[in-house]
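# Structure at a glance
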Amino acid sequence: AQTVTQSQPEMSVQEAETVTLSCTYDTSESDYYLFWYKQPPSRQMILVIRQEAYKQQNATENRFSVNFQKAAKSFSLKISDSQLGDAAMYFCAYRSAYSTNAGKSTFGDGTTLTVKP
Amino acid sequence: DSGVTQTPKHLITATGQRVTLRCSPRSGDLSVYWYQQSLDQGLQFLIQYYNGEERAKGNILERFSAQQFPDLHSELNLSSLELGDSALYFCASSPNSRGEQFFGPGTRLTVL
């Protein structure tokens, strides 16, 4: 079974600075997807960024980028120029690309990010 | 707005009761997923339906059941409710069984 570990329960960053959230995962599969979701106080789950395992290029979405290290099974999220609205719980998630397992997404326990003005 | 709708937003009930949570996926999405999020915890995958058929199952209790109807909306039925069932229940949808899922706003269930 796949596992996702977020080793930082809480992180804080100064507004306009850069912060990196860590995520490691364990799987025996070679084809899968990785995601970062943001959950603000409203509790809505918002997709931040996705990475397909077969793509070597790290995904970027505006101020959000990932460092995907497939061999190390690491998938960190970097937030640049942090804004107050970035304050939220961030979840790392794994999802198999194989149809027999694709429905079962596995989420980490989350990292609470605080942004200080 | 993800396009996924869930009703009701809040539900308060008593132990031993039964409730039904409803989810309407995004237009065109065939897959529906249910997740449970207990207080300050991650999401636990419960079950997935694809075009009316059960496709994947997580750690869903026997007291819980779900179905997806021909119009693709889904319902999650929770019975013999216990205090520990109090949680936020999310529905998500996707066009197929691959790629990202789009989450609804959740239903907050409180069991007293």
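Residues numbered from 1 in each chain as written. Chains lettered and ligands numbered in written order. Predicted model: local features only at pLDDT ≥ 70, side-chain atom pairs only at ≥ 80, totals over all residues. Heavy atoms only, no water.

As enumerated under the stated definition, the model contains two disulfides over all chains in all. Residue pairing for Cys-23 of chain A: its cysteine sulfur links by disulfide to Cys-92 of chain A, the two sulfurs lying 2.0 Å apart. Residues Cys-23 of chain A and Cys-92 of chain A are joined by a disulfide whose S-S torsion is about -70 degrees; by sign, that bridge is left-handed. Pair noted here: Cys-23 of chain A is in the loop between β3 (19-21) and β4 (24-26) and Cys-92 of chain A is in strand β10 (residues 88-96), with a separation of 69 residues, a long-range link. Looking at Cys-92 of chain A, the relative accessible area reads 1%, which means it is buried. The disulfide that involves Cys-23 of chain B links it to Cys-91 of chain B, with 1.8 Å between the sulfurs. Looking down the S-S bond of the Cys-23 of chain B and Cys-91 of chain B bridge, the torsion is -55 degrees, so its handedness is left-handed. Here the residue Cys-23 of chain B occupies a position in strand β3 (residues 19-24), and Cys-91 of chain B occupies one in strand β9 (residues 87-94), the gap between them amounting to 68 residues. Of the two residues, Cys-23 of chain B and Cys-91 of chain B, both sit in the buried class. (Disulfide = S-S within 2.5 Å. Helix = DSSP H or I, 4+ residues; strand = E, 2+ residues; numbered from the N terminus. Buried < 20%, exposed > 50% of the residue type's maximum accessible area, 1.4 Å probe, protein only.)

All names here are of chain A. Mapped onto the elements, Asp-86 comes out in the loop between β9 (74-79) and β10. Judged by its relative accessible area of 3%, Asp-86 falls in the buried class. Polar contacts involving the side chain of Asp-86 include one to the side chain of Arg-63, which spans 2.8 Å. When neighbours within four sequence positions are excluded, Asp-86 is seen to be in contact with Lys-38, Arg-63, Phe-64, Ile-79, Asp-81, Leu-113 and Val-115. (Polar contact = N/O pair within 3.5 Å; in protein donor to acceptor, adjacent residues only side chain to side chain. Contact = heavy atoms within 4.5 Å.)

Its volume calculated, the largest pocket comes out at about 240 Å³. Taken together, Ala-1, Gln-2, Lys-104, Ser-105, Thr-106 and Phe-107 of chain A together with Leu-43, Gln-44, Phe-45, Lys-57, Gly-58 and Asn-59 of chain B make up the lining of the largest pocket. When contributions to the lining of the largest pocket are tallied by element, the ones reaching two or more residues are β11 (106-107) of chain A together with β5 (43-50) of chain B. Element by element, the count of residues in the lining of the largest pocket is highest for β5 of chain B, at three residues. Per-class residue counts for the lining of the largest pocket are four nonpolar, six polar and two charged. (1 Å grid on protein atoms, 1.4 Å probe; cavity = no way out; pocket = protein on both sides within 12 Å on 5 of 7 lines; lining within 4 Å. Points joined across faces, edges and corners; volume = space filled by probe spheres on them. Nonpolar A, V, L, I, M, F, W, Y, C, P; charged D, E, K, R; others polar.)

None of the figures reported here should be taken as evidence of function without further support.
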